[in-house]
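Listed below, chain by chain, are the residues.
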Amino acid sequence: MNQIESINLIYRNPEVRGGRPCIVGTGLRVIDIVMAMQFGNRSPDQMAEDYQVSLAKVHAALAFYYENKDEIDQDIHEDIRIGLELAQHGWGRPEKSKLLQNAFDNSLIKYRAALQRACEKAITGVGDDFEKRVLALMDEETV
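K.L.:
Can you break down the overall build of the protein chain residue by residue, with the values?
P.N.:
Tallying secondary structure elements over the protein chain gives six helices and two strands in all. Scanning the protein chain from its N terminus toward the C terminus, one meets helices and strands in the order β-β-α-α-α-α-α-α. The buried share of the protein chain, reckoned over its 143 residues, is 24%. Residue pairs at least 24 apart in sequence account for 41% of intrachain contacts in the protein chain once pairs closer than 6 positions are excluded. Counting only carbon and sulfur atoms, one obtains 53% of the accessible surface of the protein chain, whose full area is about 10,500 Å².

K.L.:
Describe unusual backbone geometry, listing the residues and the values that go with them.
P.N.:
A negative phi angle characterises most non-glycine residues, just as the trans form characterises most peptide bonds. In this structure, R17 takes a positive phi of about 50 degrees despite not being glycine. With respect to the helices, strands and loops of the structure, R17 is situated in the loop between β1 (10-11) and β2 (22-23). On the accessibility criterion, R17 (42% relative accessible area) is partly exposed. Although it is not a glycine, N41 adopts a positive phi angle of roughly 50 degrees. Mapped onto the fold, N41 is located in the loop between α1 (30-38) and α2 (44-51).

The rules behind these values
- Residues numbered from 1 in each chain as written.
- Predicted model: local features only at pLDDT ≥ 70, side-chain atom pairs only at ≥ 80, totals over all residues.
- Heavy atoms only, no water.
- Helix = DSSP H or I, 4+ residues; strand = E, 2+ residues; numbered from the N terminus.
- Buried < 20%, exposed > 50% of the residue type's maximum accessible area, 1.4 Å probe, protein only.
- Contact = heavy atoms within 4.5 Å.
- Areas by Shrake-Rupley, 256 points an atom, 1.4 Å probe, with all protein chains shown as cover.

So this is what it looks like as structure tokens:
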């Protein structure tokens, strides 16, 4: 007869982190681990070191995520929505957020590439330095 074993490394407490699932012995949420993996490209070993938890706890958090993916994904979307809303109102420190900074950098790269293509189409015969002036103005605006 098989005996089902359970690894109790994830807990919920309505008074801790809004009742979201956390790693036992910490206030570290499962979504913190998932977001570090998905958006920060962190490996389980790196996350264990970063958060000073055992590798088993990181894997337990990831297993919990895959077992409850819809719920955790919804929590992640809500956290991002709240973070962006707060940032729009001047709360928090979005300039210090690696995730927001990476998203901003990627958007800026795409924007600059699109603008450069548009400039190339629009400046035929205008002069070689026009594109340089536009890009210099963009640099001034983003500083």
